[in-house]
Amino acid sequence: MRTVLLRTVLAVVTLAAPALTLVGAAPTATALDNSLGYAGVCTGADAATGTTMVVDFQTLNGNGGGAAPTITRCSPNPDGGDRTGVEALQDAGFALTGHPSYGLGFITRIENRPAAADTSPSGSYWSYWHANGTGTSWTYSNYGAGNRKVIPGGFEGWSFSAGSTSPAPGVTPLNPAADAGATRAALQVDDLDRTITLGSSTTLTWSTQNATSVLAQGVTPSGGGSWSGTKATSGTATITPTATGTFTYHLRATGAKGTTTTSATLTVVP
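Basis of the calculations
Residues numbered from 1 in each chain as written. Predicted model: local features only at pLDDT ≥ 70, side-chain atom pairs only at ≥ 80, totals over all residues. Heavy atoms only, no water. Helix = DSSP H or I, 4+ residues; strand = E, 2+ residues; numbered from the N terminus. Buried < 20%, exposed > 50% of the residue type's maximum accessible area, 1.4 Å probe, protein only. Contact = heavy atoms within 4.5 Å. Areas by Shrake-Rupley, 256 points an atom, 1.4 Å probe, with all protein chains shown as cover. Pairing = 2+ DSSP bridges. Axes fitted to C-alpha atoms, helices over the stretch in contact; angles between N-to-C directions. Salt bridge = Lys/Arg side-chain N within 4 Å of Asp/Glu carboxyl O. Phe/Tyr/Trp six-rings, centres within 6.5 Å; stacked < 30°, edge-to-face > 60°. Lys NZ or Arg CZ within 6 Å of the ring centre and 35° of its normal.

## Things to note about the overall build of the protein chain
Of the regular secondary structure elements, the protein chain holds four helices and 16 strands. Among the 270 residues that make up the protein chain, the fraction classed as buried is 47%. In the protein chain, of all internal contacts separated by at least 6 residues, the share reaching a separation of at least 24 is 67%. Surface exposure of the protein chain reaches about 11700 Å², of which carbon and sulfur atoms provide 53%.

See below:
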């Protein structure tokens, strides 16, 4: 199954390669110049639909050798659609550089840091964190930002990890306007690039908060494998598509404060 192979490659790049070796390669993408992002925690209407992005440079030097300040920016989501962690970073206006082999599936620079002048020990990387906005602690993400859906009203955190340490971002991920009882759901394909070859299998992972019932609502178009029926509030499912194409898997979660839906896409190539 391709998932295992890709995770292994990513782990080697993340933990074993020197950060400066990675960032010396040609950039694969940059920020969106006309973002709607603004400084600080999401407020107003954005408090429920946007996601607050935190970038903590930790031990990295910044401008002219001075300490780089931690950046907190709101990434609004006026359309209300699902977004990945990478898309939310771009919407907030951050400049990103991806690995030449994995693109933005493995982010090597944020706001052009680390720079060539920075000295970083072997094994340094940008660690990825998240929080739902109703508590005070961060959760280290087991999934890459390219295939993890952000939580509306929540927080996304990026913290520079030097060597064997992986500190959480130094900002409390609390949004006073976030509803602690709201029904939330996330669904993702467990492949770095969300692409597999026909005949292979992959895994869908889902999680919910404050949900009393969860339903897999099927896959569109047909040929994406079996995905239907009542599900536990969190779990995994093996998917084996029977055709090539791009497939969308739909999930619905219902709780005391309403119903929410989410989806994930998978591309199957010959």
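## A short note on the sheet that holds strand β14 (residues 235-239)
Strand order in the open sheet formed by three strands is β9-β11-β14, and the pairing between neighbours is antiparallel. The sheet is open, and its two edges are formed by β9 (184-189) and β14, each paired on a single side. Between one strand axis and the next, the sheet turns by 20 degrees as a mean value, whatever way the strands run. With five bridges connecting them, strand β11 (residues 202-209) and β14 associate as antiparallel partners. When the sheet's bridge partners are listed, Leu-204 is paired in β14 with Ala-237.

## Topic: the side chain of Thr-84
You can see Thr-84 is positioned in the loop between β3 (71-75) and α4 (85-92). The exposure class assigned to Thr-84 is buried, which follows from its relative accessible area of 5%.

## Regarding the pattern of salt bridges
Under the criterion given, the structure shown has three salt bridges. Linking Arg-83 and Asp-91 is a salt bridge whose minimum nitrogen-to-oxygen distance equals 2.9 Å. The exposure class assigned to Asp-91 is partly exposed, which follows from its relative accessible area of 24%. The residue Glu-156 makes a salt bridge to Arg-148 at a minimum N-O spacing of 2.7 Å. Residue classification places Glu-156 among the buried residues on the basis of a relative accessible area of 0%.

## Some remarks on the packing of aromatic side chains
This structure, assessed with the given rule, holds six aromatic pairs. Taken together, a centroid distance of 5.3 Å and an interplanar angle of 75 degrees make the contact between Trp-126 and Phe-160 edge-to-face. A residue pair is termed long-range when its members are at least 10 positions apart, and Trp-126 in strand β6 (residues 125-131) and Phe-160 in strand β8 (residues 155-161) qualify at 34 residues. For Trp-126, a relative accessible area of 6% translates into the label buried. These aromatic residues form a ring-pair network of at least three members: Phe-57, Trp-126 and Phe-160. Directly above the aromatic system of Phe-57 lies the positively charged group of Arg-113, at a separation of 4.5 Å from the ring centroid.

## Concerning α4
Counting buried residues in α4 gives six out of eight residues, a clear majority hidden from the surface. The set of residues buried in α4 consists of Gly-85, Val-86, Ala-88, Leu-89, Gln-90 and Ala-92. Gly-93 sits one or two residues past α4 and shows a positive phi near 100 degrees.

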